[in-house]
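Observations on chain architecture
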Amino acid sequence: MAKTQDFSAIMKDMMGAFPVDTKAMDDAFKTTATLNEKLSAVSVDAAEKSAELSTAWAKDTLAKFADFAKVKAEPADYAKAMTDMASASAESAAEHVASFAEIAKKVQLETVELMMAAGKNVSEETTAAVKKATTEATAAVKKAAAK
């Protein structure tokens, strides 16, 4: 019978020749997790503010409708009440839409700031990792050349 070659020893030697820096992977994971946490906080805050604004808008609209639905003394008063409600609703809509736009603007600014900070951190980490790898590779080449 032919003897089969033991590839586990070969693989172990090969993997040992290419060491993997798990600290860099851990740091990258932590950086990503931190960024995701901050982005989630921005999203949750915006959702809370949007929900509060929507609730306030709904209450405001219902209050105006309650005034509109009251019995009027003259038929012409119904037309005036309808006109007043339409005018107040349009004004309220403009104010609330502007408030939603402010929430969106704040989310956009905070997201851009977070992404810029994350990009800077990744750039710094990448530069440090490349310098370290270059130093180690140079040392390995010099060591191999000396043999």
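Here we summarise the structure given alongside this text. The structure presented is a predicted model; accordingly, all values stated were derived computationally and were not measured. Per chain, the residues get numbers from 1 upward, laid out in the order the sequence is written. This being a predicted model, a pLDDT of at least 70 is required before a residue's local features are given, and a value of 80 or more before pairs of side-chain atoms are given or counted; all residues contribute to the totals for chains, interfaces and linings. Hydrogen atoms and water are omitted, and side-chain values are computed over all heavy atoms in the structure.

With respect to the overall build of the protein
Strands are runs of DSSP state E lasting at least two residues, helices are runs of H or I lasting at least four, and both sets are numbered from the N terminus onward. Each helix and strand counted, the protein has three helices and zero strands in total. Beginning at the N terminus, the succession of helices and strands in the protein can be written as α-α-α. For the radius of gyration, the atoms used are the C-alpha atoms, and the globule rule reads 2.2 Å times the number of residues raised to 0.38. For the protein, whose C-alpha radius of gyration is 33 Å, the value lies well above the compact-globule estimate of 15 Å for 147 residues. Over its C-alpha atoms, taken along the principal directions, the protein stretches across nearly 110 × 45 × 15 Å. Under the scheme applied here, a residue whose accessible area is under 20% of the maximum for its type counts as buried, over 50% as exposed, and between as partly exposed, the area being computed with a 1.4 Å probe on protein chains only. Taking all 147 residues of the protein together, the buried fraction comes to 8%. Only heavy atoms enter the contact rule, under which two residues are in contact if any of them lie within 4.5 Å. A sequence separation of at least 24 residues applies to 78% of the contacts in the protein between residues at least 6 apart. Surface accessibility in these figures is a Shrake-Rupley result with a 1.4 Å probe; residues are shielded only by whichever protein chains are displayed. Entry remark: accessible area of the protein is about 11,700 Å², with carbon and sulfur atoms responsible for 66%. Positive charges come from Lys and Arg alone, negative charges from Asp and Glu alone, with His and the N- and C-terminal ends not counted. All charge positions are set by atom: Lys at NZ, Arg at CZ, Asp at CG, Glu at CD. Across the protein, the mean location of the 19 positive side-chain charges is 11 Å away from that of the 22 negative side-chain charges.

Some remarks on helix α2 (residues 22-69)
End to end, α2 covers 69 Å across 48 residues, agreeing with the expected 70 Å (1.5 Å per residue, within 8%). For α2, every residue scored as buried is listed here: L35, V42, A46 and L53. Expected span of a helix, by definition, is 1.5 Å for each gap between consecutive residues, and there is one gap fewer than residues.

Focus on the packing of aromatic side chains
The criterion for an aromatic pair is that two Phe, Tyr or Trp rings (for Trp, the six-membered ring) have centres within 6.5 Å, with stacked assigned to planes under 30 degrees apart, edge-to-face to planes over 60 apart and tilted to the rest. Using the criterion set out here, one finds two aromatic pairs in the structure. Here the aromatic rings of W57 and F100 are separated by 6.3 Å at their centres, their planes lie at 45°, and the arrangement is tilted. Highlighted residues: W57 in helix α2 and F100 in helix α3 (residues 75-146), separated in sequence by 43 residues. Exposure remark for F100: the relative accessible area of 25% places this residue in the partly exposed category. Relative to F68, the ring of F65 has its centre 5.8 Å away and its plane inclined at 45°; by these criteria the two rings are tilted. With F65 and F68 both in helix α2 and three residues apart, the pair spans about one turn of that helix. Residue F68 is classed as partly exposed on the basis of its relative accessible area of 21%.

Quick word on the pattern of salt bridges
Salt bridges, as used here, are contacts in which a Lys or Arg side-chain nitrogen is within 4 Å of a carboxyl oxygen on Asp or Glu. The final tally for this structure, using the stated rule, is six salt bridges. K64 serves as the salt-bridge partner of D60, at 2.9 Å between the closest nitrogen and oxygen. Placement of the pair is D60 and K64 together in helix α2, with a separation of four residues, close to one helical turn. For K64, a relative accessible area of 21% puts it in the partly exposed group.

Some remarks on a nonpolar patch on the surface
Two distance rules govern patches: like charges are joined within 9 Å, and nonpolar side chains (Val, Leu, Ile, Met, Phe, Trp, Tyr) within 5 Å, applied only to residues with over 30% relative accessible area and no salt bridge. Judged by side-chain polarity, F7, I10 and M11 come together as a nonpolar surface patch covering roughly 290 Å² of accessible area. Here M11 lies in helix α1 (residues 7-17).

Details of the environment of A56
Following the sequence through the fold, A56 ends up in helix α2. Sequence separation between A56 and M82 is 26 residues; the distance between their C-alpha atoms is 21 Å.

Concerning the environment of Q5
Position of Q5 among the secondary structure elements: in the segment before α1. For the pair Q5 and A66, spaced 61 residues apart in sequence, the C-alpha separation works out to 88 Å.

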